[in-house]
Amino acid sequence: MLGEHGCPDVMPATQPHWSLVLHGGAGTIERAELTPELETEYRDALGEAARRGGAILASGGSALDAVTATVAYLEDNELFNAGRGAVFTAEGRNELDASIMDGRTRAAGAVAALTHTRNPIRAARAVMEKSTHVMLVGAGADAFASSLGLEQVDPVYFFTEGRWQQLEEFLQRQSLPLPPRPAGAPTAAQPRATRAPDDHTFGTVGAVAFDRDGNLAAATSTGGTTGKRWGRVGDSPIIGAGTYAQNGVCGVSATGTGEFFIRAGVARAICARMELTGESAAQAATALIADVGALGGDGGVIVLDRRGRHTWAMNTSGMYRAYLADGGEPLIGIYADE
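The following refers to the structure shown. (Residues numbered from 1 in each chain as written. Predicted model: local features only at pLDDT ≥ 70, side-chain atom pairs only at ≥ 80, totals over all residues. Heavy atoms only, no water.)

### What to know about the pairing of strand β1 (residues 19-27)
Working note: regular strand, side chains alternate between the two faces of the sheet. Burial of β1 is extensive: 9 of the 9 residues sit out of reach of the surface. Two elements, β1 and strand β5 (residues 205-210), share 5 bridges in a ladder whose sense is antiparallel. Paired with Val21 across the two strands is Val208, which belongs to β5. As judged from the 7 bridges shared by β1 and strand β11 (residues 318-325), these two strands associate in the antiparallel manner. Note that in β11 the partner of Leu20 across the bridge is Leu324. (Buried < 20%, exposed > 50% of the residue type's maximum accessible area, 1.4 Å probe, protein only. Helix = DSSP H or I, 4+ residues; strand = E, 2+ residues; numbered from the N terminus. Pairing = 2+ DSSP bridges.)

### Overview of the pattern of salt bridges
Per the stated rule, a full pass over the model turns up 15 salt bridges. Among the salt bridges present, the one from Arg31 reaches Asp337, with a minimum N-O distance of 3.0 Å. Of this pair, Arg31 sits in the loop between β1 and α1 (36-58) while Asp337 sits in the segment after β12 (331-335), placing them 306 residues apart in sequence. Notably, a salt bridge pairs Arg125 with Asp65, separated by 2.8 Å at the nearest N-O pair. Here Arg125, found in helix α3 (residues 120-130), pairs with Asp65, found in helix α2 (residues 63-76); they are 60 residues apart in sequence, far enough to count as distant. Among the ionic contacts, a cluster of salt bridges with common partners joins Glu39, Arg43 and Glu338. (Salt bridge = Lys/Arg side-chain N within 4 Å of Asp/Glu carboxyl O.)

### Brief notes about a nonpolar patch on the surface
A cluster of nonpolar residues, Val134, Met135 and Val137, forms a patch on the protein surface that exposes about 240 Å² of accessible area. Within the secondary structure, Met135 sits in strand β4 (residues 135-137). Residue Met135 is classed as partly exposed on the basis of its relative accessible area, which comes to 36%. (Patch = residues over 30% accessible without salt bridge, like charges linked within 9 Å, V, L, I, M, F, W, Y side chains within 5 Å. Areas by Shrake-Rupley, 256 points an atom, 1.4 Å probe, with all protein chains shown as cover.)

### Overview of the sheet that holds strand β7 (residues 243-246)
On the basis of which strands lie adjacent, the open sheet formed by 4 strands has the order β7-β8-β9-β10 and antiparallel pairing. Strand pairing shows two members of the sheet lacking a second neighbour, β7 and β10 (310-314), which therefore form its edges. Strand after strand, the sheet turns through a mean of 10° between neighbouring axes, direction not considered. In the sheet, strand β8 (residues 250-256) pairs with strand β9 (residues 299-305) via 7 bridges, with the strands oriented antiparallel. Residue pairing in the sheet places Val252 in a bridge with Val303 of β9. (Axes fitted to C-alpha atoms, helices over the stretch in contact; angles between N-to-C directions.)

### Here's the deal with the nonpolar core
Counting 52 residues, the largest nonpolar core has Leu22, Leu34, Tyr42, Phe80, Ile100, Val111 and Ile121 as its most contacted members. Element by element, the count of residues in this core is highest for α2, at 8 residues. By size, the runner-up hydrophobic cluster in this structure holds 39 residues, among which are Val252, Val266, Ile302 and Ala313. (Core = buried A, V, L, I, M, F, W, Y, C linked by side-chain atoms within 4.5 Å.)

### Comments concerning the state of the cysteines
The final tally for this structure, using the stated rule, is 1 disulfide. Across a sulfur-sulfur distance of 2.0 Å, Cys250 and Cys271 are joined as a disulfide pair. Measuring the twist about the S-S bond at about -105°, one finds the Cys250-Cys271 disulfide to be left-handed. One end of the pair, Cys250, is in strand β8; the other, Cys271, is in helix α7 (residues 266-277), and 21 residues separate them in sequence. Classification of Cys250 as buried rests on a relative accessible area of 0%. (Disulfide = S-S within 2.5 Å.)

### Description of the packing of α7 against helix α8 (residues 281-295)
Direction vectors running N to C along α7 and α8 enclose 140°, while the axes themselves pass 9 Å from each other. Here α8 runs oblique to α7, going by the angle between their axes. In this structure, the crossing between α7 and α8 has a hand that is right-handed. For the pair formed by α7 and α8, the contact residues are Val266, Ala269, Ile270, Arg273 and Met274 on the first element and Ala281, Ala284, Ala285, Ala287, Leu288 and Val292 on the second. Within the contact of α7 with α8, the residues separate by chemical class into 10 nonpolar, no polar and 1 charged. (Parallel < 35°, antiparallel > 145°, perpendicular 65-115°, else oblique. Left-handed = near helix turned anticlockwise from the far one by under 90°. Contact = heavy atoms within 4.5 Å. Nonpolar A, V, L, I, M, F, W, Y, C, P; charged D, E, K, R; others polar.)

### Describing the pairing of β7
Neither face of β7 is left uncovered, since the one carrying Thr243 and Ala245 and the one carrying Tyr244 and Gln246 both have all their residues buried. Taken together, β7 and the strand that follows it, β8, pair antiparallel across an intervening segment of 3 residues, in which Gly248 is found at a positive phi of about 80°.

### Concerning the packing of aromatic side chains
What describes a pair of aromatic rings is the distance from one ring centre to the other and the angle between the planes of the rings. Considering all chains together, one arrives at 7 aromatic pairs under this definition. Ring centres of Tyr42 and Phe80 lie 5.5 Å apart, and the angle between their planes is 80°; on these two criteria the pair is classed as edge-to-face. Here Phe80 lies in the loop between α2 and β2 (96-102) and Tyr42 lies in helix α1, a separation of 38 residues in the sequence. Accessibility classification places Tyr42 together with Phe80 in one group, the buried group. Through a chain of ring-to-ring contacts, three or more aromatic side chains come together here, namely Tyr42, Phe80 and Tyr320. A cation sits over an aromatic face here: Arg84 above Tyr157, 5.5 Å from the ring centre. (Phe/Tyr/Trp six-rings, centres within 6.5 Å; stacked < 30°, edge-to-face > 60°. Lys NZ or Arg CZ within 6 Å of the ring centre and 35° of its normal.)

Here you go:
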């Protein structure tokens with residue numbers, strides 16, 4: 001049963017040995033706008049992502065390893081706005097952001113405006129584990145990732161025809177010039193690609209995991225917004241806005257209009273409300289999404305509480321999402337009323 005904003009009204013009373021919740025972006029997702037075939041593709045991808053992360057947790061792996069693998073899979077899947085399949089900036093580039101946080105130590109790592117690193121979430125984890133910093137950006141972040149042997153790709157790797165068409169449509173509406181197609185991209189436009197509705201404001205991916213040792217971890221990755229300019233960065237790589245994890249309290253990953261999630265400090269605020277006021281994950285998540293809405297923003301969050309029980313909240317018509325715990329099958333949703 002779902003509450004007003006898509007939250008499960010009642011979480012399971014029993015504590016799972018391990019659990020994983022993930023999202024693939026929130027936005028205007030209507031049944032009439034997704035073909036049955038495309039909806040099946042999304043549900044299959046969400047289920048596969050949950051199973052990949054779940055397999056790590058089932059074998060005794062860490063929450064950090066589970067969220068890294070889950071988000072890396074979503075980055076490699078062009079259905080989502082992260083990694084391959086990311087949206088384009090107004091200049092016709094893919095600029096990628098990601099962050100990760102270890103709830104056990106509250107160590108964190110983040111990257112922004114990557115253009116060559118295949119899996120930004122792996123770069124964010126490297127910042128956390130292999131440097132004294134929390135955030136690296138741009139060419140320096142790519143160089144850091146490369147120095148550690150993380151896979152580098154030609155920027156055309158991230159190109160997809162559907163996202164390029166979304167950029168064309170966006171720039172035309174804004175009366176902005178269309179940049180040249182990226183070097184190495186197909187020279188002739190393909191037929192209009194089958195794709196989800198234009199999520200130029202939405203489309204982040206993320207995961208939160210709870211492992212057998214009781215540790216929480218959270219990770220988030222995005223291509224940002226279609227047609228973004230001037231090096232814009234949203235909430236996804238901002239610890240406390242788009243990502244947060246703290247053992248004994250909660251783990252959070254957010255998606256939506258990043259400027260509003262930054263202003264509300266959404267991820268940290270959810271955990272703070274749970275820690276300081278005793279609110280449940282559902283209560284805190286619903287309150288913060290209402291706060292985002294009051295500021296004028298849209299989006300959603302996924303949350304695990306200190307016992308690995310999940311909730312999600314959104315003020316949009318949909319959010320691609322899934323939950324998996326030991327002994328179960330993936331629970332998958334797309335529309336807000338599921």
